[in-house]
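Notes for the structure review
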Amino acid sequence: MTTSATSGTGPADPAGPTENSLRRALKRARDGVALDVSEAAVLLQARGEHLDALTASAARVRDAGLEAAGRPGVITYSKSVFVPLTRLCRDKCHYCTFVTVPGKLRRAGHGMFMSPDEVLDIARKGAALGCKEALITLGDKPEDRWPEAREWLDAHGYDDTIAYVRAISVRILEETGLLPHLNPGVMSWTDFQRLKPVAPSMGMMLETTATRLWSEPGGPHHGSPDKEPAVRLRVLEDAGRSSVPFTSGLLIGIGETYEERAESLFALRKVSRAYHGIQELIIQNFRAKPDTAMRGMPDAELDELVATVAVARHIMGPSACLQAPPNLVDAEYERLIGAGIDDWGGVSPLTIDHVNPERPWPQIEELAAQSRAVGFELRERLCVYPEFVRRGEPWLDPRLRPHVAALADPATGLALPDAPVVGRPWQEPDEAFTASGRTDLHTAIDTEGRTSDRREDFDEVYGDWAALREAAAPGMAPERIDTDVRAALATAADDPTRLTDDEALALLHADGPALDALCKVADDVRKSVVGDDVTYIVTRNINFTNVCYTGCRFCAFAQRRTDADAYTLSLDQVADRAEQAWEVGAVEVCMQGGIHPDLPGTAYFDIARAVKARVPGMHVHAFSPMEVVNGATRTGMSIREWLGAAKEAGLDSVPGTAAEILDDEVRWILTKGKLPAATWIEVIETAHELGLRSSSTMMYGHVDQPRHWLGHLRTLAGIQQRTGGFTEFVTLPFIHTNAPVYLAGIARPGPTVRDNRAVTAMARLLLHPHIPNIQTSWVKLGTEGAAEMLRSGANDLGGTLMEETISRMAGSSYGSYKSVKDLIAVADAAGRPAKPRTTLYGPVPEERQRAARDSDGHLPQLLPVLD
């Protein structure tokens, strides 16, 4: 059989698939057996009676899904207006008539972008007609290609197109009540964070995964950087990581083979299963347009579209939502319904389809009648699908909930047809810092423990565990190391800066006498650089909330707002704890919290101000890079602007946490929605440029390997060479006990003693001479473990902490507080003197040292005291 036929241009082999292969694939589809790519490619070529059988089977799958969803016999649509925000684009798709050039826009009397007044005029008229969706479509990053677009944005005060999309979305929400559905093309992870607070849903067509259609001259996507399939798949994944309800789909008949079309469907299924975030798939048939490079290419035939819809239904399953645009077929609605669709997409009573302007929308009444004729009731939905309306957090930002709730039927999640469409304020939730939940967890975690070992939404919130196991497997495979360890040790002893990657990797694998020798070399380097003093800091950790929906799979700290162990502190409680810490000699508070959906982006400023107002002399070491990005995107500020404002509010330095492993191969297994490695680096380097120094960290011993440690340490050394902003490097062994990724059977149970010694020693050598301070974690390793690390290259014990909830929630058994005497004892066990320090490794004022000595072991009531 052959599956290499090219759709729309005729098969490579006129014979097509054999009768037997078609029958076999049809039987597997009919019996509910999972199809593979070759079988799907065969079914895409079904015609005549075979196509009838395929669509009948697909319709049964669709009907089962509608029944399970509680809307049997319902086909949906969204009543919308189409807003072409700009028709400029940096891409050059060979079939597109939507995109134009600045000269044509000027001659037609149009601006480079639609003005706010033009957008709002359309939206208001749509609201008056009962529309509930504003479909905002535009070209990809036009400012990167067209100076005129850059000039328009600059003149109107926008850093980039995404900033204008965000601003106009807020105005649509506030002034018209329509819900924006955003199609700005390729977006980064950070773009999703910027836009999620202003739009319930977003979208981007995958179109195809056939790379040759992008890479080869003459292909429909050649010359279009945003149409590279790998880039578009990354967008779909970032949408899922960001918990954004997302629309995607295929454009069929642009030169792809049947096998390539099948591969595209399986790629969409993989993303859908991994993140549960694809709210609908559009199966769109190519229509040739005049004045385009592909004007001579034949349209995708109706049978092509019907077969693709039916195969998509079998691949995606009963719960998927499938759409075929009704204006791209000639009233053949019955065949599309029979093939398994359950949605007609956006239909506008006001605006044309600007992407296919020659194809008018059908009247809604006609669509209802045609659907009714084949036994389906046409019901209106919102731009965000009912499943996501009912899911709520983390899929809907709190600032959008009132807007969505005003238009949605709470029982079904569908639209309320007669709901008044009026503008509503877009604002932060009220009373963000109301104390709530288990605010005594910082002490109770040591006495009562956590309520359960996992969240109630364990099976859903982190994505698909089976897909994660598959993705994690390659990274967990051990490596063969052939480099001579003795030669590597000689290099390290002579000059650690000359270690090659192969030598460093060999040393990271060292064990037995070689490991002992490595630790001795690292300890010698330590002594030559920072001397024998073991430094420590009197500090208090303040985790101001543990409510978080980011979905980090290693984190046992994060809770939903309704979970038994969830809590949020008030500003007064935060300030109280800082004041108490000052009274017992602290020089620093380290403040971090979950990404609470109700906390505005300015909440971090309020926290810093509250501490500084109460204790002006306290060093505020606060807000991980993830929190920085959250604050910046929620406020609409750039990372630089936000950090500058935080510094003005009292922020003195930032923790280099949220790094985990700076390799996205590992990060996307460890976390569903945390910032990518490149964004972490951007935040840290920007902080350093603004004079905000930071620590650096690495969490290891989960789904990583020594090669990842090496890459991470090299990255940190490179940053330090550029900025000089790191104060220390902190080793963070993975605490596995209650970590979701361990409970799911994916991660290993933390690092071994060998791993801890090798990482500490190699951190000393690979970061030399750029980062002189290497810190070990007593809260994760205990007294004996920390002392061993002091003999392996470390020179710092971190802080007294006073309270520590994150590691304790994960299952650490070493308590939440060490007195100064305890820390001195750890140094004594390593045969070294101890010395207090400040955050920036300066001398501690005598007054602070005296307060710490006088209060040591006699802490205020709110602080945990361990026997």
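Residues numbered from 1 in each chain as written. Predicted model: local features only at pLDDT ≥ 70, side-chain atom pairs only at ≥ 80, totals over all residues. Heavy atoms only, no water.

1. A word on the overall build of the protein chain
Which entries qualify depends on this criterion: Note on conventions: DSSP H or I runs of at least 4 residues are helices, E runs of at least 2 residues are strands, and numbering of each starts at the N terminus. Type-normalised accessible area, obtained with a 1.4 Å probe on protein chains alone, sets the label of each residue: buried when under 20%, exposed when over 50%, and partly exposed for intermediate values. In what follows, residue pairs with any heavy atoms lying within 4.5 Å of each other are defined as contacts. A 1.4 Å probe and the Shrake-Rupley method give the accessible areas. Residues count as covered only by the protein chains that appear here.
Looking only at helices and strands, the protein chain has 35 helices and 21 strands in total. Relative to its 867 residues, the protein chain shows a buried fraction of 63%. For the protein chain, the share of sequence-separated contacts (at least 6 apart) that also reach a separation of at least 24 residues comes to 78%. Working note: accessible area of the protein chain is about 31,000 Å², and carbon and sulfur atoms make up 50% of it.

2. Some details on the packing of aromatic side chains
To keep things clear, this is the line we draw: Ring geometry is summarised as follows: Phe, Tyr and Trp rings, the Trp one being its six-membered ring, pair when their centres sit within 6.5 Å, and such pairs are stacked at plane angles under 30 degrees, edge-to-face over 60 and tilted between the two.
Inspection of the entire model under this criterion finds 15 aromatic pairs. With a centroid separation of 5.1 Å and an interplanar angle of 70°, the aromatic rings of Tyr604 and Phe623 are classed as edge-to-face. Of this pair, Tyr604 sits in helix α24 (residues 603–614) while Phe623 sits in the loop between β15 (619–622) and α25 (625–635); the two residues are 19 residues apart in sequence, bridging distant segments of the chain. Of the residues examined, Tyr604 reaches a relative accessible area of 1% and is grouped as buried. With a centroid separation of 5.6 Å and an interplanar angle of 75°, the aromatic rings of Tyr604 and Trp642 are classed as edge-to-face. With Tyr604 in helix α24 and Trp642 in helix α26 (residues 639–649), the pair connects residues that are 38 residues apart, well separated along the chain. Per residue, the accessibility class of Tyr604 equals that of Trp642, and both read buried. Pairwise contacts between aromatic rings join Phe544, Tyr604, Phe605, Phe623 and Trp642 into one cluster.

3. With respect to the state of the cysteines
Under the convention used in this document: The disulfide criterion used throughout: a pair of cysteine sulfur atoms within 2.5 Å.
Throughout the structure, instances matching the rule amount to zero disulfides. Of all cysteine sulfurs, the one in Cys93 lies closest to Cys89, which takes part in no disulfide; the gap is 6.6 Å.

4. What to know about the pairing of strand β17 (residues 693–700)
Put simply, the rule reads: DSSP bridges decide pairing: two strands pair if at least two such bridges lie between them. If you view a crossover with the strands going away from you and the path from the first strand over the helix to the second runs clockwise, you call it right-handed.
In terms of burial, β17 is largely enclosed, as seven of its eight residues are buried. Relative to strand β18 (residues 726–733), β17 runs parallel, the two being bridged by six bridges. Looking across to β18, one finds that Tyr700 is bridged to Pro733. The parallel pair β17 and β18 is bridged by helix α29 (residues 706–723), and the resulting crossover is right-handed.

5. Some thoughts on the pairing of strand β11 (residues 534–537)
One face of the sheet, then the other: side chains in a regular strand alternate in exactly this way. Neither face of β11 is left uncovered, since the one carrying Val534 and Tyr536 and the one carrying Thr535 and Ile537 both have all their residues buried. One ladder, built from three bridges, connects β11 with strand β21 (residues 834–836); its direction is parallel. Bridge pairing links Thr535 to Lys835 in β21.

6. Focus on helix α28 (residues 677–689)
Filter applied, for reference: Given the number of residues in a helix, its expected span is that number minus one, multiplied by 1.5 Å.
Relative to the 18 Å expected for 13 residues at 1.5 Å per residue, α28 spans 18 Å between its end C-alpha atoms, a close match to the ideal helical length. Among the 13 residues in α28, 10 count as buried, and that is most of the element. Those residues of α28 that fall on the buried side of the exposure criterion are Ala677, Thr679, Trp680, Ile681, Val683, Ile684, Glu685, Thr686, Ala687 and His688.

7. Notes on the pattern of salt bridges
Filter applied, for reference: By definition, a salt bridge exists where a carboxyl oxygen of Asp or Glu is found within 4 Å of a side-chain nitrogen of Lys or Arg.
In total, this model carries 55 salt bridges according to the counting rule given. The closest approach of N and O atoms between Arg486 and Asp484, which form a salt bridge, is 3.7 Å. The exposed category is assigned to Arg486, whose relative accessible area is 68%. The class for Asp484 is partly exposed, based on a relative accessible area of 38%. One network of salt bridges, with partners in common, ties together Arg47, Glu256, Arg261 and Glu304.

8. A few points about the packing of helix α31 (residues 753–766) against helix α32 (residues 778–790)
To characterise two packed helices, one gives the angle between the axes of the helices and the distance between these axes. What counts here: Interaxial angle, 0 to 180 degrees, is taken between N-to-C directions of lines fitted to C-alpha atoms, where a helix line uses only the stretch in contact. The scheme is simple: roughly parallel for angles under 35 degrees, roughly antiparallel for over 145, roughly perpendicular for 65 to 115, oblique for anything else. By the definition used in this description, the sense in which the near helix is turned from the far one sets the handedness, with an anticlockwise turn below a right angle giving left-handed and a clockwise turn giving right-handed. Think of it as three bins: nonpolar holds Ala, Val, Leu, Ile, Met, Phe, Trp, Tyr, Cys and Pro, charged holds Asp, Glu, Lys and Arg, and polar takes everything else, Gly as well.
Their axes nearest at 10 Å, the elements α31 and α32 cross at an angle of 45°. By the angle between their directions, the pair α31 and α32 is classed as oblique. Both α31 and α32 take part in a crossing whose hand is right-handed. Facing Asn756, Arg757 and Thr760 of α31, the residues of α32 in contact are Leu781, Glu788 and Met789. Class assignment of the residues belonging to the contact of α31 with α32 gives a composition of two nonpolar, two polar and two charged.

9. Brief notes about the side chain of Thr55
Within the secondary structure, Thr55 is located in helix α3 (residues 49–69). On the basis of relative accessible area, Thr55 is assigned to the buried category, the value being 12%. When near neighbours in sequence (up to four residues on either side) are disregarded, Thr55 contacts Val306, Ala310, Gly338 and Ala339.

10. Focus: unusual backbone geometry
That bond from Glu393 to Pro394 is cis: its omega, 0°, falls within 30 degrees of zero. Along the chain, Pro394 falls in the loop between α15 (386–391) and α16 (401–407). Backbone torsion omega between His768 and Pro769 reads -5°, so that peptide bond is classified as cis. Mapped onto the secondary structure, Pro769 falls in the loop between α31 and β19 (774–775). The backbone of Lys141 shows a phi angle near 35°, a positive value even though the residue is not glycine.

11. Quick notes on the side chain of Thr208
Test applied: Two N or O atoms form a polar contact when they lie within 3.5 Å of each other; inside protein one atom must be a possible hydrogen donor and the other a possible acceptor, and for residues adjacent in sequence the pair counts only when both atoms belong to side chains.
With respect to the element layout, Thr208 can be found in the loop between β4 (201–203) and α9 (212–215). In this structure the side chain of Thr208 is engaged in a polar contact, spanning 3.0 Å, whose partner is the backbone nitrogen of Ala210. With residues up to four places along the chain from it excluded, the contact list for Thr208 reads Leu213, His221, Pro229, Ile254, Glu256 and Ser264.

12. Quick word on the environment of Thr760
Following the sequence through the fold, Thr760 ends up in helix α31. Residue classification places Thr760 among the buried positions, given a relative accessible area of 1%. Residues Thr760 and Arg791, spaced 31 residues apart in sequence, show a C-alpha to C-alpha distance of 9.6 Å. Setting aside residues up to four positions removed in sequence, Thr760 forms contacts with Thr731, Ile774, Met789, Ser792, Gly793 and Ala794. At 2.9 Å, the side chain of Thr760 and the backbone oxygen of Asn756 are in polar contact.

13. A closer look at the environment of Arg560
Relative to the helices and strands, Arg560 resides in the loop between β12 (539–543) and β13 (567–568). Separated by 14 residues in sequence, Arg560 and Asn546 place their C-alpha atoms 8.2 Å apart.

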